[in-house]
Amino acid sequence: MLIGIYGGSFNPVHTGHTSLAQHLVDNGFVNEVWLLVSPLNPLKQDKGDIVPYSHRLNMAELACSACHGVKVSAFESTLPVPSYTITTLEALSKAYPEHQFAIIIGADNWNSFGLWYRHEDIIANHRIFIYNRPGYAIDPASLKRYDRQVKVIDAPTYDISSTEIRRQVKDGVCTSQWLSQDVLEYIRKNKLYIR
């Protein structure tokens, strides 16, 4: 099977994340999407407002419970921190040799992909699905040399981010438009993102 790896902090996971994952499965880009909840992103330096890993994992499980072909994985928590994408992909390929793994990234990440550790090895061995993000243009020239491995997918875009959701929660604004009811209740019950 071709597994799409959708990694991130998911701090918190929102409907933009789950809708994108479901779109990839429903439209046959991949057989399954695994939401890989990352303990630490090497390119994100500000860790001040990140909630504990167990909370982020629990919220992802709640958000994906109604999705078909979308699973939550804590695989990266078994690897040394920080785990670079290529390290994670190599470990996944070793642990699940029956699968092929692709990565799912936003246009913002594609634009900085040249900064990723061993990015050429990722492209050489794994497919990359890029989704559009508001405010980030994808330079067609950056795709030409990777026409077989890299594909921009026409998926619905959502003008929301986990950063904005955290701000809304802190300000007491209802975020039910962007969070599943289960996740919203979990945040309230555990008093997350409130300082």
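Relevant structure appears above.
Now for a look at the structure at hand. As the structure is a prediction and not an experimental result, all values here were calculated from the model.

**Here we look at the overall build of the protein chain**
(1) Moving on: The helix and strand tally for the protein chain stands at eight helices and six strands.
(2) Moving on: Sequence-ordered secondary structure for the protein chain, helices as α and strands as β, is β-α-β-α-β-α-β-α-α-β-α-β-α-α.
(3) Moving on: Relative to its length of 195 residues, the protein chain is compact, with a C-alpha radius of gyration of 16 Å against a globular reference of 16 Å.
(4) Moving on: Projected onto its principal axes, the C-alpha positions of the protein chain cover 45 × 35 × 35 Å.
(5) Moving on: By the burial criterion, 47% of the 195 residues in the protein chain qualify as buried.
(6) Moving on: Looking at the protein chain alone, contacts between residues at least 24 apart form 68% of all its contacts between residues at least 6 apart.
(7) Moving on: When the accessible surface of the protein chain is totalled, it reaches about 10200 Å², and 49% of it is carbon and sulfur.
(8) Moving on: One finds the centroid of the 19 positive side-chain charges in the protein chain at a distance of 3 Å from the centroid of its 19 negative side-chain charges.

**Topic: the packing of aromatic side chains**
(1) Moving on: According to the stated counting rule, one finds 12 aromatic pairs in the structure shown.
(2) Moving on: Pairing Phe-29 with Phe-129 gives two aromatic rings, centres 5.9 Å apart and planes at 65°, and the pair type is edge-to-face. Of this pair, Phe-29 sits in the loop between helix 1 (15–26) and strand 2 (32–37) while Phe-129 sits in strand 5 (residues 128–131); the two residues are 100 residues apart in sequence, bridging distant segments of the chain.
(3) Moving on: With a relative accessible area of 1%, Phe-129 lands in the buried category.
(4) Moving on: Pairing Tyr-158 with Trp-178 gives two aromatic rings, centres 6.4 Å apart and planes at 85°, and the pair type is edge-to-face. On the criterion of sequence distance, the pair formed by Tyr-158 in the loop between strand 6 (150–153) and helix 7 (162–170) and Trp-178 in the loop between helix 7 and helix 8 (181–190) is long-range, its members being 20 residues apart.
(5) Moving on: Taken together, the ring pairs connect Trp-34, Phe-75, Tyr-96 and Phe-101 into an aromatic cluster.

**Re helix 2 (residues 53–64)**
(1) Moving on: Between its terminal C-alpha atoms helix 2 stretches 17 Å, which fits the 16 Å expected from 12 residues at 1.5 Å a residue.
(2) Moving on: Buried residues in helix 2 make contact with helix 1, strand 2, strand 3 (70–73) and helix 8.

**A word on the pattern of salt bridges**
(1) Moving on: One pass over the structure, following the stated rule, counts eight salt bridges.
(2) Moving on: One salt bridge connects Asp-121 with Arg-118, and the closest N-O pair in it is separated by 2.8 Å.
(3) Moving on: Judged by relative accessible area, which is 30%, Asp-121 ranks as partly exposed.
(4) Moving on: What emerges from the salt-bridge pattern is a single network uniting Glu-90, Arg-118 and Asp-121.

**Details of the nonpolar core**
Most often, soluble globular proteins keep nonpolar side chains buried together rather than apart.
(1) Moving on: Tyr-6, Val-33, Leu-35 and Met-59 are the most contacted members of the largest nonpolar core, which totals 38 residues.
(2) Moving on: Those residues in contact with Val-33, other than ones at most four positions away along the chain, are Gly-4, Tyr-6, Ala-21, Leu-24, Val-25, Gly-69, Val-70, Lys-71 and Ile-104.
(3) Moving on: Trp-34, Ile-86, Phe-113 and Ile-128 belong to the second largest nonpolar core, which has 25 residues in total.

**A look at the sheet that holds strand 2**
(1) Moving on: Spatially, six strands are ordered 3-2-1-4-5-6 in an open sheet, and the strand pairing comes out parallel. The outermost strands of the open sheet, each flanked by one partner alone, are strand 3 and strand 6. Between one strand axis and the next, the sheet turns by 30° as a mean value, whatever way the strands run.
(2) Moving on: Those strands touched by helix 1 are strand 1 (2–8), strand 2, strand 3, strand 4 (100–106), strand 5 and strand 6, and its axis lies near 150° from that of strand 2.
(3) Moving on: Lying over the sheet, helix 2 contacts strand 2 and strand 3, oriented at roughly 170° with respect to strand 3.

**Regarding helix 1**
(1) Moving on: The end-to-end C-alpha distance of helix 1 is 16 Å, a good match for the 16 Å that 12 residues give at a rise of 1.5 Å each.
(2) Moving on: Where burial is concerned, most of helix 1 is hidden: nine out of the 12 residues are buried.
(3) Moving on: All of the buried residues in helix 1 are Gly-16, His-17, Thr-18, Leu-20, Ala-21, Gln-22, His-23, Leu-24 and Val-25.
(4) Moving on: Just past helix 1, the residue Gly-28 takes up positive phi, approximately 75°.

Thresholds applied
Residues numbered from 1 in each chain as written. Predicted model: local features only at pLDDT ≥ 70, side-chain atom pairs only at ≥ 80, totals over all residues. Heavy atoms only, no water. Helix = DSSP H or I, 4+ residues; strand = E, 2+ residues; numbered from the N terminus. Rg over C-alpha atoms; globule rule 2.2 N^0.38 Å. Buried < 20%, exposed > 50% of the residue type's maximum accessible area, 1.4 Å probe, protein only. Contact = heavy atoms within 4.5 Å. Areas by Shrake-Rupley, 256 points an atom, 1.4 Å probe, with all protein chains shown as cover. Lys, Arg positive; Asp, Glu negative; His and termini not counted. Charge placed at Lys NZ, Arg CZ, Asp CG, Glu CD. Phe/Tyr/Trp six-rings, centres within 6.5 Å; stacked < 30°, edge-to-face > 60°. Expected span 1.5 Å × (residues − 1). Salt bridge = Lys/Arg side-chain N within 4 Å of Asp/Glu carboxyl O. Core = buried A, V, L, I, M, F, W, Y, C linked by side-chain atoms within 4.5 Å. Pairing = 2+ DSSP bridges. Axes fitted to C-alpha atoms, helices over the stretch in contact; angles between N-to-C directions.

Shape descriptors only; they carry no functional weight alone.
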